[in-house]
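# Close look at the chain arrangement
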Amino acid sequence: MLLNMEGALVARDQVGIQDFVLLDSITSETAFLDNLKKRFNENLIYTYIGTLLVSVNPYKELGIYTKKQMENYMGVNFFELPPHIYALADNAYHTMLTEMNNHFILISGESGAGKTEASKRILQFYAVSCPSTSLLDRARDRMLVSNPVLEAFGNAKTLKNDNSSRFGKYMDIQFNREGEAVGGHILSYLLEKSRVVYQNHGERNFHIFYQLVEGGEEETLRLLGLERNCQHYCYLVQGGTLNTVNYKNDWKTMIRPYLFGIIGSILHLGNVQFEADSKGYAHPLTACCILLQLLGVHVQVLQEALTFKKIEAKTEEVLSPFSVDHAIYARDALTKALYDRTFTWLVNKINESLENKDSTKKTVIGLLDIYGFEVFYVNSFEQFCINYCNEKLQQLFIQLTLKSEQEEYEAEDIEWEPVQFFNNRIICDLVEQRHSGIISILDEECMRPGEATDLTFLERLEERLGNHPHFVTHRLADQKTRKTMDRGDFRLLHYAGEVTYCVVMHQAKNSIVKHCFPPTEADSKKRPETVATQFKSSLMGLTKILTAKEPWYVRCLKSNEDKQPGRFDHVLVRHQVKYLGLMEHLRVRRAGFAYRRRYEVFLHRYKPLCPATWPHWRGVPADGVERILKHLGYSEDEYKMGRTKIFIRHPRTLFAIEDAYEICKHELAAKIQAKYKGYKVKGEYRKKKEAATKIETCWRGVQARKEREKRAWAVKVIKKFIKGYMTRHQAATTDNSEYLTFVRHNYLTRLKDHLPKTVLDKSTWLTPPPVVKEASEMLRKLHMRLMVRKYVRGITAAQKTQLQLKGLTSELFKGKKDSYPQSVSRPFVDTRLSEQDINMRVLQMIRHERIKYSIPVVKYDRNGFKPRPRQLILTQTAAYLVEEAKMKQRIEYRSLKGDRSVSGSLSSGLMGLKGWRHGDLVLQCDHLFEAVTKLCVVANKRNIVKVVQGSIKFDIQPGKEGFVDFGSGQEAMAYKAKNGHLMVVSASLWCGCCRC
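Residues numbered from 1 in each chain as written. Predicted model: local features only at pLDDT ≥ 70, side-chain atom pairs only at ≥ 80, totals over all residues. Heavy atoms only, no water.

On to the overall build of the protein chain, then. Of the regular secondary structure elements, the protein chain holds 32 helices and 29 strands. When burial is assessed residue by residue, the protein chain has 48% of its 996 residues classed as buried. Counting only contacts in the protein chain whose residues sit at least 6 apart along the sequence, the fraction spanning at least 24 positions is 64%. Counting only carbon and sulfur atoms, one obtains 53% of the accessible surface of the protein chain, whose full area is about 52400 Å². (Helix = DSSP H or I, 4+ residues; strand = E, 2+ residues; numbered from the N terminus. Buried < 20%, exposed > 50% of the residue type's maximum accessible area, 1.4 Å probe, protein only. Contact = heavy atoms within 4.5 Å. Areas by Shrake-Rupley, 256 points an atom, 1.4 Å probe, with all protein chains shown as cover.)

Counting across every chain of the model gives 25 aromatic pairs. Taking the centre distance of 5.2 Å and the plane angle of 20 degrees together, the rings of tyrosine 86 and phenylalanine 125 count as stacked. Linking tyrosine 86 in helix α4 (residues 85-99) with phenylalanine 125 in helix α5 (residues 115-129), this pair joins segments that are 39 residues apart in sequence. Accessibility expressed as a relative area gives 0% for phenylalanine 125, which makes it buried. Each member of the aromatic cluster is reached from another via a ring pair, and the members are Tyr65, Tyr86, Tyr93, Phe125, Tyr126 and Phe175. Against the face of tyrosine 210 rests arginine 204, its NZ or CZ located 4.1 Å from the ring centre. Above the ring of tyrosine 725, the side-chain terminus of arginine 728 is found at 4.1 Å from the ring centroid. (Phe/Tyr/Trp six-rings, centres within 6.5 Å; stacked < 30°, edge-to-face > 60°. Lys NZ or Arg CZ within 6 Å of the ring centre and 35° of its normal.)

Next up on the list: a nonpolar patch on the surface. There is a patch of nonpolar side chains on the surface, built from Val759, Leu760, Val788, Tyr791 and Val792 and spanning about 500 Å² of accessible area. Turning to its location among the elements, valine 788 is positioned in helix α28 (residues 773-793). (Patch = residues over 30% accessible without salt bridge, like charges linked within 9 Å, V, L, I, M, F, W, Y side chains within 5 Å. Salt bridge = Lys/Arg side-chain N within 4 Å of Asp/Glu carboxyl O.)

A few words now on the nonpolar core. Ranked by internal contacts, the top residues of the largest apolar core, which has 90 residues, are Phe32, Leu36 and Phe490. With 72 residues, the next largest nonpolar core counts Cys130, Met143, Ala181 and Leu338 among its residues. (Core = buried A, V, L, I, M, F, W, Y, C linked by side-chain atoms within 4.5 Å.)

A negative phi holds for most residues other than glycine; trans holds for most peptide bonds. The linkage connecting tryptophan 614 with the following residue, proline 615, adopts the cis geometry, with an omega of 0 degrees. Within the element layout of this structure, proline 615 appears in the loop between α24 (599-606) and α25 (621-632). The phi torsion at asparagine 43 lies on the positive side, around 60 degrees, for a residue other than glycine. Residue position: asparagine 43 is located in the loop between α2 (29-41) and β1 (46-49). On the basis of relative accessible area, asparagine 43 is assigned to the partly exposed category, the value being 36%. Notably, lysine 563 is not glycine yet its phi reads approximately 60 degrees, a positive angle. One can find lysine 563 in the loop between β16 (550-558) and α22 (570-579).

Note on placement: aspartate 34 falls in helix α2. Accessibility expressed as a relative area gives 41% for aspartate 34, which makes it partly exposed. Linking aspartate 34 and glycine 16, residues 18 residues apart in sequence, is a C-alpha distance of 8.5 Å.

Spatial ordering of the open sheet is given by β1-β2-β16-β3-β12-β6-β7, a layout of seven strands whose pairing is mixed. The sheet is open, and its two borders are formed by β1 and β7 (181-189), each paired with just one other strand. Mean inter-strand twist for the sheet, computed between neighbouring axes without regard to direction, equals 20 degrees. One ladder, built from five bridges, connects strand β2 (residues 52-57) with β16; its direction is parallel. Across the sheet, the residue bridging to valine 54 is arginine 555, located in β16. The strands that α2 touches are β1, β2 and β16; relative to β1, the one it contacts most, it runs at about 150 degrees. (Pairing = 2+ DSSP bridges. Axes fitted to C-alpha atoms, helices over the stretch in contact; angles between N-to-C directions.)

All right, on to the UniProt feature "binding site: ATP" (unreviewed entry) in the protein chain then. What UniProt calls "binding site: ATP" (unreviewed entry) maps, in this numbering, to Gly109, Glu110, Ser111, Gly112, Ala113, Gly114, Lys115 and Thr116. By secondary structure assignment, the location of glycine 114 is in the loop between β3 (103-108) and α5. Topologically, threonine 116 is positioned in helix α5. Residue classification places threonine 116 among the buried residues on the basis of a relative accessible area of 18%. Non-local contacts of threonine 116, meaning those with residues more than four positions away in its chain, are made with Glu151, Ser165 and Asp369. (UniProt positions renumbered as here; feature names shortened; annotations may be inferred.)

Listed below in C-alpha cells is the structure:
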C-alpha cells in the first residue's frame, strides 16, 4: 500500500501535524493532546497515527460529509488529502480490490464519542462510491435500512448519549470481483438485557418501546392493549421522565409489525405485580388477560413460571412456591430472556435479507462498532464484560500492528528491532483462563448447589486470585487502598488503568434463565452456558474472524462530557487517549522508522537537492537516493536502504529534508522566473513602446477631427433652435419644424410622468402647448378609456352582481328617498336569514321552491295596527310571510300590482305588499332598499314600484280602505292615531307593489 505523507509535511506548520507518527516526542502525552486541540480548534477533527484514524466528536455539523467530499476522496492515496474517514474507507476498499483479501475496520470509543455516526458515514461512502446496479442497489439499501431498525431495538438514551448502542455489532459487507456490494452479515454481542427491566436515573429503556407507545397508530395500540402514555408502564419510568428524543419521527422506519406483540407483552409483563398470601407465597396481583392473549401462554403455565421454582429432590424434581422477591426476579428474568431472543431473531432475519447465495468468490470489509472502555462511579457486570472485550481487542490490536510492521521490515530486508510495550495477556488470562479465571469462578458459583451469593463469589475470587498482581479486594488491599473501596468490590488493573467493580447482581446477571422457555434437546445434553461464558465464546469467535483479516482502526474521542460545541476538555481527552491505547500504538508505529517510501517516488520528489541528480538521474533509483542523502550529510544510522524503499528513522530528519526541499524549490523557481521574466519583459517593452507611439499619433488626429465636426454641428443646431423659437406660432416650416418636434417630445415626456391614476381624477392632466392641443385631447380620452377598461376588467362576478343591484336601486329610489345616498356604500347581502333561522316545517313546505332571499320584518295588523314579527321569504315563484312554523300569507309574483300611486315619508322602513286577495300587507324592515330591489329582481318586475309624497291609503280588505300618515319626531315609531290612521313618525316609503 502506497502511503503519501508529503501532504502532512507541507501542512504541519499550518494546523498542527496531520500524522502523529511525525511528532518529535512520541512519549509526551502533552504534545499529543496539544496537537489534537490545535486541530480541533480549527474544526479539523481527524488526525492519523499511521493508518489509524483518530476522530474527536465536535458536537456540531461541519459540512464535511457531502457528496462532493466523497468524490474528492475516491481513488486517492491515503495521505494525499487531509485526514478523513472517507480516506480510510476508500483506502481499505481499494486495497481489498487490489490484493483480493479481507479487511475489517474497528471503530471504538466510549459512549457518545461518535462510533455509530462513524459507522454510518462509512456505509454511506460505500453506497455512493461502489458501482451500482438495480440488484446491487437493493442489497445496499437493505444494509442502510437495517441500521435504524437495529438502533431501535439495541440503542437507548444514557447519561452520556441520547442514542447509545447497548450492544456490540460486527457487520461484514460482501463485495464481488468488480467491487460491487452484493451482500452482508451481522453479528451482535452482549445486548444489555438488564436495561429492559431497570434503568439508572436520567436514562431510558430501548428506543423501540417509546417509538411504539408514542408513535404507534391508534389501531395498533388498541390491538396490543396499550395506552399512549409511557408513565403507565413500570419498565419505562424508572429513569425519570426527561425526553430529548423525538420517537414519533423514528416510527416510520419500523417494519415487521408482528414483533410489536412481543414488545407490548413485555410492557404488560412489567406491570404484573405480586402479593404474598398467609404463607408468604407469591400470587399475581395484576390481571394478565391481555398479556396472556399477546403471549399465547396458558394462564396456569404463566402462573407456574412466575410463582413456582424447581427444586431437585433425590428421585424427582418438584415445584416449590416463590416468595414475592423471587417472583419479581422470575418476571424480570423472563422479560430479559424474551427480549434477548427477540433481538437475536431480528438480527437473523436481517441476515437472511442480506444473504447473497451466489457461490462465486467474494471479499469482505467488516465494520466492528464495539463499546469502548467504560469506567463509571459504580461498575457492574456489564462494565466487566465490556472492559474484558476491550482488553482482548487491545491485545489483538498490538499483535496485528506489530505483525504488520515486522512483515514489512522482513520484506525490505531491514533488521527487526524488538519493541518494548505492555503485554496485557496477563490481564486477559486473569479474566478468561479456564478453571482459574474470573469468568470460570463466576460460572462455578452460579451453577453449584446451595445458596450461592455475590459475597461468596467474592470470597472465591480472594481464595483463588489473591496473589495476582492485577487483582485486589477490600480485604486484600492495604490501608490506603481500602479507603477507596467498599467491602463488596474488587479491583482490576487494566491496561488503561484501575477499575473497581461491584459484585452485587453479578450472579443474577450471569445466570441462565430457567423455566422461561422449554429446554431444547441440545440443551438437555450439555451444561448450559452462562452469559459471561457465551460472551467469552463470542469474543473468541470474533477474535478468530478479525485475525484472518487486514485491520484498519478508527478511535473516537469525546471532546467534553456536556456535548458543547467547540469545547476541548483536556482531562477527559487525556483519559480516553490512555484507555484507547493511542500512545501505545504510536510507540509501536515509531519503534523502528518513522517514514518509509519507495525509491522512485522519493527520488522524483527530492532530486533537486543534489546537483548530481538534478535535473535527471540516469542510474538506479536506489543509488540516486543514496547520493541525495550523502550530499545532505546524513549518517547511515539515520536511515536504512531496503530492497524497494528508503527507511528514515527520525521525523526531524524527514522534516529537515522537506525544509531543504522547500528552500531549494523556491530558489529554483526564483531563478527560472527571473530569467524568463527578464527576457519576456524586454521584448514586451519594445513592442509596447512602438505601439504606443503609433497609437498616440493616430489618436490625436482622430480626436482633432471629431472635435472640429462636433463644433460645426453644434453651431447649426443652435441657429435652428433660435429661429424655430422665434417662429413657433407660425405654420410649420423648415425653420421651426425641429423646434416644434422638440416641444412635442418634451410635452409627451412630461405627460408620461403625470398621467391621472384613477378614473375620477380629471384635474391632473397637463396643459398642452398650442401645437399639441388636439393630440393632447385625443390622448386624454384614450387614457380615460384605458383606465375604464382596466377597472371593468378588474371587477369580479360578485362585484358585477352588486353593481347591477345597486343600479336597479338607483333607478327606483334615486332622488325620491332622502336616505338613499347613505345606503349606496352599504353592500347588499344574499340573504338576511340562514336556513337554521327558518323553521324546519316551513322549509319542508317550500322545499320544491328555491329560496332566493329572506329577511325578518314587522307586520302591522290591518285593523289595530298591532306589530307582529314575521319572516319574509322570497322564492322562485312567490313571496311568503311566515310566523315561526306557520305560513301566514303567500303572494304569487304575478298577482303583484303597481297601478296605484301612494305618498309617504321617504325615511321610514315601512312597505306594503299589494296583491293579496284579503287586502294589502303593511310591513316594516331594516333593509328596505335591499328587500325591494331583491323583490323586483326575483319577481322580474321593475315597474311595480312607485314612490310618491304625502299620506297614502291602502286596502284593509276589499271595499275598505285604510290610511298611513307620516310625521317627524325625535325617534322613529309607528302607532294607531286617534283618527284611526297608522301614524309613522320619521321618513317612510311606499312601493308600487307595496306601500311604505
